[in-house]
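Observations on chain architecture
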Amino acid sequence: MSQEAELGLRDRLAQLSGVKLLRGTKLSAELERLQRQLERLREDTSDEEIWRSVELARNEKRPYTLDYVERILDDWFELHGDRGRMDDHAIVAGLGSLDGRTIALVGHQKGRDIAQRGYRNFGMAYPEGYRKAMRTMELAERHGFPLVTFVDTPGAYPGIAAEQHGQGGAIARSQAMMLRLAIPTVAVVIGEGGSGGAVAIAVADRVLMQENAIYSVISPEGCASILWRDAAQAKKAASAFKPDAAHCLELGVIDGIVPEPEGGAHEGHDEAAILLREALVAHLDELVDLPADELRRRRRAKFRSMGVLERV
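Residues numbered from 1 in each chain as written. Predicted model: local features only at pLDDT ≥ 70, side-chain atom pairs only at ≥ 80, totals over all residues. Heavy atoms only, no water.

1. Remarks on the overall build of the protein
Operational definition: Working definition: helices are DSSP H or I runs of at least four residues, strands are E runs of at least two. Numbering for both runs from the N terminus. Should any heavy atoms of two residues lie within 4.5 Å, those residues are counted as being in contact. Only the protein chains shown count as covering a residue, and every accessible area follows the Shrake-Rupley method with a 1.4 Å probe.
Broken down by element type, the protein carries 14 helices and eight strands. Within the protein, contacts between residues at least 6 apart in sequence are counted, and of these 74% link residues at least 24 apart. Accessible surface for the protein amounts to roughly 14,900 Å². Of this, 51% is attributable to carbon and sulfur atoms.

If you want it as structure tokens, here you go:
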């Protein structure tokens, strides 16, 4: 664990420890969450544990976006189509009520059986899916609704048709729009966070990962195919670039980890939803009173600082 990562978590713990518990148990839960993250970062994560996170993130019984929508949102109203070409079922979007607050939600959606996987295209969106997401973002900003996004995709669909329809441009425009939004935004990686298809809806004020999610620029199999020309070396690749939540937090790629039930989110959808809901409410409560200019300034500064190297 880097000294900077530990100091950052310690500073956050110190700040929260000095605040009176005006909101009941929410603040104490945040303290406990950060303390657990600090303890986890102190441990040396083995290669086997990293690969276990990859397997859990891909578990077909893991809750998907609509599983969480059903459990944490009231008055859900789904939006369809990009107002141009088609409705991409790999992206779901809509409006709902979270803890009495209207929010807009965008998320990748996978399928559990063969029919659903084909219908949802395995959670890999076409450009039309990202245009639907941007349509929802514009609606949220127009009405002042906070935006929540759930990331769970192996990556954007890489087919010829998607490229012909402007896949790269759609991903870039979605990221640029999220940087400009004047509303609070929270993104959560709930399973796989793969490549540009994930980042397209994850340029948020707060980026969180569930405990057993993964987030990376390429899949372990893709990395292994490039480096060793052998996809079977995926476990070796994962241990090298460490896509698990603990290492993403240490690198500063994410802002926090959402705990999961014992054994993983697939072992208890209801409990996983409760933990996720608590995290979303806590982070939105911290963001809703910030002025739009300050939100944009902090968001831009955060993402521009990632990957910056300092010469010694």
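2. What about a nonpolar patch on the surface?
Defined as follows: Residues forming no salt bridge and having over 30% relative accessible area are the ones grouped into patches, like charges within 9 Å of each other and nonpolar side chains (Val, Leu, Ile, Met, Phe, Trp, Tyr) within 5 Å. One side-chain nitrogen of Lys or Arg within 4 Å of one carboxyl oxygen of Asp or Glu is enough to make a salt bridge. Note on exposure labels: buried denotes an accessible area under 20% of the residue type's maximum, exposed denotes more than 50%, and partly exposed covers the range between, all computed with a 1.4 Å probe on protein chains only.
A cluster of nonpolar side chains, Ile226, Leu227 and Trp228, forms an exposed patch at the surface whose accessible area comes to about 320 Å². Within the fold, Ile226 resides in helix H10 (residues 220-227). Relative accessible area serves as the criterion here: at 60%, Ile226 is assigned to the exposed category.

3. Here we look at the packing of helix H4 (residues 65-72) against helix H13 (residues 269-287)
What counts, and what does not: Lines fitted to C-alpha atoms define the axes here, with helix axes fitted over just the stretch in contact, and angles between the N-to-C directions of these axes take values from 0 to 180 degrees. Angles are sorted into four bins: roughly parallel if under 35 degrees, roughly antiparallel if over 145, roughly perpendicular if 65 to 115, and oblique for all others. Residue type decides the class: Asp, Glu, Lys and Arg count as charged, Ala, Val, Leu, Ile, Met, Phe, Trp, Tyr, Cys and Pro as nonpolar, and the leftover types, Gly among them, as polar.
Interhelical geometry of H4 versus H13 gives an angle of 75 degrees and a closest axis separation of 9 Å. Taken together, the axis directions place H4 and H13 in an arrangement best described as roughly perpendicular. For the pair formed by H4 and H13, the contact residues are Asp67, Tyr68, Arg71 and Ile72 on the first element and His269, Asp270, Ala272, Ala273, Leu276, Arg277 and Leu280 on the second. For the contact of H4 with H13, a count of residues per class yields six nonpolar, one polar and four charged.

4. Points about the environment of Glu211
To keep it simple, the criterion reads: Within 3.5 Å is the distance limit for a polar contact, defined as a pair of N or O atoms, with the added protein rule that one can donate a hydrogen and the other accept it, and that residues adjacent in sequence qualify only through two side-chain atoms.
Take Glu211: it is sitting in the loop between strand E6 (206-210) and strand E7 (214-216). For Glu211, a relative accessible area of 25% puts it in the partly exposed group. When the C-alpha positions of Glu211 and Ala246 are compared, they lie 7.8 Å apart, and in sequence the two are 35 residues distant. Polar side-chain contacts of Glu211 include one of 3.0 Å to the backbone nitrogen of Glu260.

5. Brief notes about the nonpolar core
Test applied: Within this scheme, the nonpolar core is defined by two criteria: the residues are buried Ala, Val, Leu, Ile, Met, Phe, Trp, Tyr or Cys, and they are joined through side-chain atoms within 4.5 Å.
Grouped together as the largest cluster of nonpolar side chains are 41 residues, with contacts concentrated most on Tyr130, Met137, Leu147, Met209, Tyr215 and Ile254. If you list the elements that add at least two residues to this core, you get strand E2 (91-98), strand E3 (101-108), helix H6 (127-143), strand E4 (147-153), helix H8 (167-180), strand E5 (185-194), E6 and helix H12 (245-251). In terms of residues, this core owes the most to one element, H6, which gives six residues. Setting aside anything within four residues of it in sequence, one finds Ile254 in contact with Val207, Met209, Tyr215, Ala245, Cys248 and Leu249. In terms of nonpolar packing, the next biggest core, distinct from the first, is built from 24 residues, Tyr68, Leu73, Leu280 and Leu284 among them.

6. Quick word on unusual backbone geometry
One non-glycine residue, Asp75, lies in the positive phi region at around 55 degrees. Tracing the sequence through the fold places Asp75 in strand E1 (residues 74-79).

7. Notes on the pairing of E2
The condition that has to hold: What makes two strands pair is DSSP finding at least two bridges between them.
Most of E2 is tucked away: eight of the eight residues are buried. Neither face of E2 is left uncovered, since the one carrying Ile91, Ala93, Leu95 and Ser97 and the one carrying Val92, Gly94, Gly96 and Leu98 both have all their residues buried. Relative to E3, E2 is paired through eight bridges, and the arrangement is antiparallel. Across the sheet, residue Leu95 finds its bridge partner in E3, namely Ala104.

8. Here's the deal with H10
Stated precisely, the cut-off is as follows: As used here, the arc is the angular range of directions from the helix axis to the C-beta atoms.
Considered for burial, the residues of H10 that qualify are Pro220, Cys223 and Ala224. Buried residues of H10 fall within an arc of 100 degrees about the axis and therefore sit on the same side. Contacts made by the buried residues of H10 are with helix H3 (47-57) and helix H11 (234-241). Following H10 by one or two positions, Arg229 has its phi on the positive side, about 55 degrees.

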